[in-house]
Amino acid sequence: MPHLQQFCVWISSTPFSLAIRKSVWAFPIIESIHVLGIVVLVGSVALLDLRLLGFIMKNEPVSRVSRAVLRWTWSGFAVMFTTGLLLSIAEAAENYANIAFRAKLVLLILVGLNPLIFHLTIFRSVNSWDVAPVAPWRARTAAWSSLFLWSGIIVAGRMIAYIH
Amino acid sequence: MLSLFHWLASTHLSIALANSQWAFAVIEVFHLLSLAISGGAILYFDIRLLGWGFASQSERGVARSLFPLAIIGITAMMISGVLMVASGPVRYYYNPAFRLKMYLFGAALVFHFAVQWAISRRNEDRKTAIPDRIAAVISLLLWLSIGVAGRAIGFV
């Protein structure tokens, strides 16, 4: 058995993991909060992406939209990450081999790299295109990848429960 | 109303959905994707009314700019929602959580969009007022309860 699998099986055997699985309400409640966190996070991210693409708030400077959503993006992320971790702990052994779970982790890494690249490159020159109704192509590429990656994460996340 | 659900169950669409292994999963994912879009658009309008974001932009401006996105998102949710119900109409008809969700959805739809429409038609920009904040809280509570009732459909 690979080390990582051993680790996942061990996590599943801890009293904490067992407690979440045994409880009738713990899993659905954590799951609901997880979805709420996703709505706040992805809703915020999508708002900025759609602004970059020139679909909404064209008259609003990009930097202002970015500032308005930042706090909520991080709050949503904190909620999503914490609850996601709890759900993963509860089903660690099952999730190890779940292809949808693995795909979701890969997509999460990619979606984390996306804003990193965006902020280190094209967003540095935001002052020169802040008020443009449609952002430059490099920013639009970041926006499209963000929308696609987050959609993929939601799809993969939901599929975890369907694939055994 | 029950006959409407029985009629829906007898359609080709409903039978095809009920017999398909993946149709429900695909529609449910689509429902969740629309939730992120409509949820975001609705949330930010309410956030603006509460004075927690977009403070530099007028309430009227935010109401107008987020209106199309909210409508597109809600429409996508309704289409995918109807398809989910079509996969087993009679089962949904007798599900108390589903009924509750529909009542709440009707209330939220009327309340939220009446507020957003009224604010988008204001002639002048005003400072954030108490009634606007109360409206935002009611809207958020309504949408939140819809989410809870929706999740409960699978459990009752």
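Small disclaimer: the values here were computed from a predicted structure and weren't measured.

Colleague: How should I be thinking about the overall build of chain B in this particular structure?
Modeller: Broken down by element type, chain B carries seven helices and zero strands. Reading chain B from its N end, one meets helices and strands in the order α-α-α-α-α-α-α. The buried share among the 156 residues of chain B stands at 37%. Within chain B, contacts between residues at least 6 apart in sequence are counted, and of these 84% link residues at least 24 apart.

Colleague: Is there a simple way to explain the overall build of chain A in this structure?
Modeller: Across its full length, chain A holds eight helices and zero strands. In chain A, the order of α-helices and β-strands from amino to carboxyl end is α-α-α-α-α-α-α-α. When its C-alpha atoms are laid out on the principal axes, chain A stretches across 55 × 30 × 25 Å. Looking at chain A as a whole, 31% of its 164 residues qualify as buried. In chain A, the proportion of contacts linking residues at least 24 apart, taken out of those at least 6 apart, comes to 81%.

Colleague: It is not clear to me how the interface of chain B and chain A should be interpreted in this structure. Could you clarify?
Modeller: Reports often express the size of an interface as the amount of accessible area lost when the parts come together. At the junction of the two partners, chain B supplies 22 residues and chain A supplies 23 residues. Of all the elements in the fold, those that place two or more residues in the side of chain B that touches chain A are α3 (23-50), α4 (59-86) and α7 (130-152) of chain B. In terms of residues, the side of chain B that touches chain A owes the most to one element, α3 of chain B, which gives 12 residues. Class assignment for the residues of the side of chain B that touches chain A results in 13 nonpolar, seven polar and two charged.

Colleague: For this particular structure, what's the right way to read the environment of Gly 53 of chain B?
Modeller: Residues and elements named next belong to chain B. Residue position: Gly 53 is located in the loop between α3 and α4. The class for Gly 53 is buried, based on 21 C-beta atoms found within 10 Å. As a C-alpha pair, Gly 53 and Ser 139 span 86 residues in sequence and 16 Å in three-dimensional space.

Colleague: Honestly, helix α6 (residues 99-120) of chain A in this entry has me stumped. Any pointers?
Modeller: Helical geometry: 3.6 residues make up each α-helical turn, so side chains three or four residues apart lie on a common side. All names here are of chain A. With 22 residues, α6 ought to run about 32 Å at 1.5 Å a step, and its terminal C-alpha atoms sit 32 Å apart, in line with that. Of the positions making up α6, those classed as buried are Lys 104, Leu 107 and Phe 118. The arc enclosing the buried residues of α6, seen along the axis, measures out at 65°, which places them on a common side. Among the exposed residues of α6, those pointing more than 90 degrees away from its buried face are Val 106, Ile 109, Gly 112, Leu 113, Leu 116 and Leu 120.

Colleague: What exactly am I supposed to notice about unusual backbone geometry here?
Modeller: Note: most peptide bonds trans; most residues except glycine with negative phi. One non-glycine residue, Met 57 of chain A, lies in the positive phi region at around 50°. Tracing the chain through its elements places Met 57 of chain A in the loop between α3 (26-52) and α4 (62-90). In this structure, Phe 54 of chain B takes a positive phi of about 55° despite not being glycine. Examined against the element boundaries, Phe 54 of chain B turns out to sit in the loop between α3 and α4.

Colleague: For this particular structure, what's the right way to read the nonpolar core?
Modeller: Within soluble globular proteins, side chains that are nonpolar tend to cluster in buried spots. Among the nonpolar cores identified, the biggest contains 66 residues, and Ile 38 and Val 42 of chain A together with Ala 36, Ala 41, Tyr 44, Phe 45 and Leu 66 of chain B are the most heavily contacted of them. Within the residue set of this core, elements represented by two or more residues are α3, α4, α6 and α8 (137-159) of chain A together with α3, α4, α6 (96-120) and α7 of chain B. At 14 residues, α3 of chain B tops the list of elements feeding residues into this core. Discounting residues that sit within four places of it in the chain, Ile 38 of chain A has contacts with Met 80 and Ile 154 of chain A together with Ala 36 of chain B.

Colleague: Even after reading the chapter, I still don't get the confidence of the model for chain A, so can you show me in this structure?
Modeller: Note that predicted coordinates carrying low pLDDT should not be read in detail. Averaged over chain A, the pLDDT score is 93; the fraction of residues at 70 or greater is 100%. The element-level mean pLDDT for chain A is lowest in helix α7 (residues 126-129) of chain A, coming to 90, with α8 of chain A highest at 95.

Colleague: Is there a simple way to think about the confidence of the model for chain B in this case?
Modeller: A residue-level look at chain B finds 97% of positions with pLDDT of 70 or above and a mean pLDDT of 91. Both scores are given for the predicted complex: the pTM is 0.91, the ipTM 0.88.

Colleague: Sorry if this is basic, but what is going on with the packing of α3 of chain A against α3 of chain B here?
Modeller: Each pair of packed helices gets described by two things: the angle between the helix axes and the distance between those axes. Remark: α3 of chain A packs on α3 of chain B, axes separated minimally by 8 Å, with the N-to-C direction vectors making an angle of 80°. If you check the angle between α3 of chain A and α3 of chain B, you find them roughly perpendicular. From α3 of chain A, Ile 38, Val 39, Val 40, Val 42, Gly 43, Ser 44, Ala 46 and Leu 47 of chain A reach across to α3 of chain B, where they touch Leu 35, Ala 36, Ile 37, Gly 39, Gly 40, Leu 43 and Tyr 44 of chain B. A class-by-class count of the residues in the contact of α3 of chain A with α3 of chain B yields 11 nonpolar, four polar and no charged.

Colleague: I tried to follow the packing of α3 of chain A against α8 of chain A on my own but got confused; where do I start?
Modeller: Residue and element names in this part refer to chain A. Direction vectors running N to C along α3 and α8 enclose 155°, while the axes themselves pass 9 Å from each other. Taken as axis vectors, α3 and α8 run roughly antiparallel relative to one another. Between α3 and α8 lies a crossing of left-handed hand. Facing Ile 38, Val 42, Val 45, Ala 46, Asp 49 and Leu 52 of α3, the residues of α8 in contact are Ala 139, Arg 140, Ala 143, Ser 146, Leu 147, Trp 150 and Ile 154. Split into classes, the residues belonging to the contact of α3 with α8 amount to 10 nonpolar, one polar and two charged.

Colleague: What exactly am I supposed to notice about the environment of Leu 113 of chain A here?
Modeller: Note on placement: Leu 113 of chain A falls in helix α6. Separated by 33 residues in the primary sequence, Leu 113 of chain A and Ser 146 of chain A have C-alpha atoms spaced 9.9 Å apart.

Calculation criteria
Residues numbered from 1 in each chain as written. Chains lettered and ligands numbered in written order. Predicted model: local features only at pLDDT ≥ 70, side-chain atom pairs only at ≥ 80, totals over all residues. Helix = DSSP H or I, 4+ residues; strand = E, 2+ residues; numbered from the N terminus. Buried ≥ 20, exposed ≤ 12 C-beta atoms within 10 Å, placed from the backbone. Contact = placed C-beta atoms within 7 Å. Nonpolar A, V, L, I, M, F, W, Y, C, P; charged D, E, K, R; others polar. Expected span 1.5 Å × (residues − 1). Arc of directions from axis to C-beta. Core = buried A, V, L, I, M, F, W, Y, C linked by C-beta atoms within 7 Å. pLDDT = per-residue confidence, 0-100. Axes fitted to C-alpha atoms, helices over the stretch in contact; angles between N-to-C directions. Parallel < 35°, antiparallel > 145°, perpendicular 65-115°, else oblique. Left-handed = near helix turned anticlockwise from the far one by under 90°.

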